[in-house]
Amino acid sequence: MDRFASDPRRRRILVLAVGSLFAAGGGRTGARGNGASASDVDSPDSRFYAAALSMKRMAESWGDQPYGAVLVFGGLVIGEGPSRVVKLGDASAHAEREAIRDAQRKLGRDSLAGSLLYSTSRPCRLCEAAAAKAGVARMIFGADLTDAGRPKL
């Protein structure tokens, strides 16, 4: 269950914190010029893979496909996504798209410019396209923190 849905105060704090990061530039002058700070992009963080792994375990707990993903901005997890393909009977409910949708819902906007997508496996083409459309800066996947680069449409 989404921790933010049950606690409006926590959701408001997240929205304010992430909003202030976006407003302050959020690293838009990073070395790669793609909206993510150089430190975020150049140093994938295993803590965020661990968060994606916990989403995978959640999906498995209800008998879904073994995939999980989180969306990160400014060192904060802004979206969580366990696979919900089986649970919802929705072929588009891959973990990566669920994390993107969760972040968009929490922030109240479609643009997730400069965020990083961490997932337990390489995102499929449709998930990569969804990440590109949302403005995700980079995709990191797997326990070895493979950098899949900037998502493409």
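It should be noted that the structure appears before, not after, this text.
Overview of the structure. On a predicted model such as this, the values are computed, not experimentally measured, just so you know.

### Looking at the overall build of the chain
- Looking only at helices and strands, the chain has six helices and five strands in total.
- Start at the N end of the chain and walk to the C end: the helices and strands fall as α-α-α-β-β-α-α-β-α-β-β.
- Among the 153 residues that make up the chain, the fraction classed as buried is 46%.
- The contacts of the chain with a sequence gap of at least 6 include a subset with a gap of at least 24, amounting to 47%.
- Accessible area for the chain stands at about 7600 Å²; split by element, carbon and sulfur atoms hold 54% of it.

### Examining the side chain of threonine 120
- The residue threonine 120 is located in the loop between strand S3 (116–119) and helix H6 (125–134) in this model.
- When its relative accessible area of 14% is taken as the criterion, threonine 120 is described as buried.
- Discounting residues that sit within four places of it in the chain, threonine 120 has contacts with Tyr49, Ala52, Leu53, Lys56, Pro66, Tyr67, Gly68 and Gly142.

### Some words on the pattern of salt bridges
- Throughout the structure, instances matching the rule amount to seven salt bridges.
- For the salt bridge of aspartate 45 with arginine 47, the shortest nitrogen-to-oxygen distance reads 2.6 Å.
- Overall, arginine 47 belongs to the exposed group, its relative accessible area being 55%.
- The partner of arginine 122 in a salt bridge is glutamate 128, with the nearest N and O atoms 3.5 Å apart.
- Residue classification places arginine 122 among the partly exposed positions, given a relative accessible area of 39%.
- Through salt bridges that share partners, Arg84, Glu98 and Arg101 make up one connected network.

### What to know about the packing of helix H5 (residues 95–107) against H6
- Where H5 contacts H6, the axes come no closer than 9 Å and their chain directions differ by 25°. Taken together, the axes of H5 and H6 are roughly parallel relative to one another. For the pair H5 and H6, the sense of crossing is left-handed. Mapping the contact onto sequence places Glu96, Arg97, Ile100 and Gln104 in H5 and Leu126, Cys127, Ala130, Ala131 and Ala134 in H6.
- Looking at side-chain class alone, the contact of H5 with H6 contains six nonpolar, one polar and two charged residues.

### Examining unusual backbone geometry
- The phi torsion at leucine 145 lies on the positive side, around 55°, for a residue other than glycine.
- Relative to the helices and strands, leucine 145 resides in the loop between strand S4 (138–141) and strand S5 (146–149).

Each value, and the rule that gives it
- Residues numbered from 1 in each chain as written.
- Predicted model: local features only at pLDDT ≥ 70, side-chain atom pairs only at ≥ 80, totals over all residues.
- Heavy atoms only, no water.
- Helix = DSSP H or I, 4+ residues; strand = E, 2+ residues; numbered from the N terminus.
- Buried < 20%, exposed > 50% of the residue type's maximum accessible area, 1.4 Å probe, protein only.
- Contact = heavy atoms within 4.5 Å.
- Areas by Shrake-Rupley, 256 points an atom, 1.4 Å probe, with all protein chains shown as cover.
- Salt bridge = Lys/Arg side-chain N within 4 Å of Asp/Glu carboxyl O.
- Axes fitted to C-alpha atoms, helices over the stretch in contact; angles between N-to-C directions.
- Parallel < 35°, antiparallel > 145°, perpendicular 65-115°, else oblique.
- Left-handed = near helix turned anticlockwise from the far one by under 90°.
- Nonpolar A, V, L, I, M, F, W, Y, C, P; charged D, E, K, R; others polar.

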